[in-house]
Amino acid sequence: MADACSLDPTRTLACRNTPEATHLKLISTAIIFFTSAVGISSPVFLARLFRKSPAYAHTLLLIKCFAAGVILSTSLVHVLPDAFAALADCRVASRRPWRDFPFSGFVSMVGALLALLVDVAATSSSSHAQQHAQYAPIEEGKKGGSAREGGADEEVEELARVKQRLVAKVLEVGIVFHSVIIGVTMGMSQNLCTIRPLVAALSFHQIFEGMGLGGCIAQAGFNLGTTASMCAMFSVTTPMGIILGMLIFYLTGYDDSNVNALISEGLLGSLSSGILIYMALVDLIAADFFHNKAMSSKPWLKKASYTALVLGSASMSVLALWA
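Given the structure is predicted, the values throughout are model-derived calculations rather than measurements.

A. Examining the overall build of the protein chain more closely. Assigned secondary structure in the protein chain consists of 12 helices and zero strands. Listed N to C, the secondary structure of the protein chain is α-α-α-α-α-α-α-α-α-α-α-α in terms of helices and strands. Looking at the protein chain as a whole, 44% of its 323 residues qualify as buried. Sequence-distant contacts, at least 24 apart, represent 86% of the contacts inside the protein chain between residues at least 6 apart. In the form shown here, the protein chain has an accessible surface area of approximately 16,500 Å², with 68% of it arising from carbon and sulfur atoms.

B. How the structure looks around the packing of helix α4 (residues 56-88) against helix α12 (residues 299-318). Running from amino to carboxyl end, α4 crosses α12 at an angle of 35 degrees, the nearest separation of the two axes being 7 Å. For α4 against α12, the interelement crossing comes out right-handed. Contact with α4, carried on its side by H58, L61, L62, C65, F66, A68, G69, V70, S73, T74, V77 and H78, involves W300, L301, A304, S305, A308, L309, L311, G312, S313, S315, M316 and S317 of α12 and no other residues of that element. Its residues assigned to classes, the contact of α4 with α12 comprises 14 nonpolar, 10 polar and no charged.

C. Representation of α12. When the terminal C-alpha atoms of α12 are compared, their 29 Å separation across 20 residues agrees well with the 28 Å that a helix rising 1.5 Å per residue should span. Of all the residues in α12, the buried ones are L301, S305, A308, L309, G312, S313, S315 and M316. Down the axis of α12, the sector holding all buried residues measures 165 degrees, keeping them to one side. Residues of α12 that are exposed and angled more than 90 degrees away from the buried face: P299, K303 and L311.

D. Summary view of the packing of aromatic side chains. Within the structure shown, the criterion is met by three aromatic pairs. Here the aromatic rings of F101 and F103 are separated by 5.2 Å at their centres, their planes lie at 70 degrees, and the arrangement is edge-to-face. Judged by its relative accessible area of 40%, F101 falls in the partly exposed class. Three or more aromatic residues link up through ring pairs in this structure, and these residues are W98, F101, F103 and F106.

Cut-offs and rules
Residues numbered from 1 in each chain as written. Predicted model: local features only at pLDDT ≥ 70, side-chain atom pairs only at ≥ 80, totals over all residues. Heavy atoms only, no water. Helix = DSSP H or I, 4+ residues; strand = E, 2+ residues; numbered from the N terminus. Buried < 20%, exposed > 50% of the residue type's maximum accessible area, 1.4 Å probe, protein only. Contact = heavy atoms within 4.5 Å. Areas by Shrake-Rupley, 256 points an atom, 1.4 Å probe, with all protein chains shown as cover. Axes fitted to C-alpha atoms, helices over the stretch in contact; angles between N-to-C directions. Left-handed = near helix turned anticlockwise from the far one by under 90°. Nonpolar A, V, L, I, M, F, W, Y, C, P; charged D, E, K, R; others polar. Expected span 1.5 Å × (residues − 1). Arc of directions from axis to C-beta. Phe/Tyr/Trp six-rings, centres within 6.5 Å; stacked < 30°, edge-to-face > 60°.

Remember, this is a structural readout, not a statement about activity or role.
Right, here's the structure in full:
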């Protein structure tokens, strides 16, 4: 066990340079903020720009499928492996109860179940209203049935929008968890050999993840104020996490390799991973590929959507080579 924890002291000393690391992290906050803002605002801006275009609905669907691939890859290729690695570290895994039970998988399952609970609780009343709207025209009979049917269609569409907005908000919560963990971990690190590649990798990471969340926000149809606040929250979360991590290190000397830090990182990462896996598979992929009328009636659109899903997954997975 001691050998598994041993590090090369020469490399460690060469990589640890607190003043240079601080300078690099301050620069990285501006870079990551810019790339995050570009990533999340691009699909939102394009959706508003081409809202009146005949191809608007199809384009938005393709963006959403790309987003689903990004989010699925983020959870399974980035977040969950990091959580497993943190709790499998020899300084944690040598202690109880961490060596006796697979907490990463368990907490990830808890995150998925919590996401399901929120989903069910938020849509239970909506399902009853939707069922009432569906059968009310039949019960009305000759009493203005056509007008009532039009109202029922509008009510069903509104319920669908409510569902999309819920999905976008829960997704943002899961992604923000992940972004805070990334930022704080980077902010507490004094290792230049770790920080340098992370700056470039996280910049691309935030672009793709931002595109994923931005596509969901665009489809949800929020008003301008809500859209702007959600975009701003995503853009500032990782930079603020970096600054918070720097403050924690300077005020407490709390090392990013500390046992408690590793446990916190592992548990929070597992929780956010479970949330993101559920949202990607159930509320994004399953909802579009099995319940979208346009995709069901147009084979070319289904093929294009699947291609977008694969491209989103691949683009995010490739970044795991560096971060």
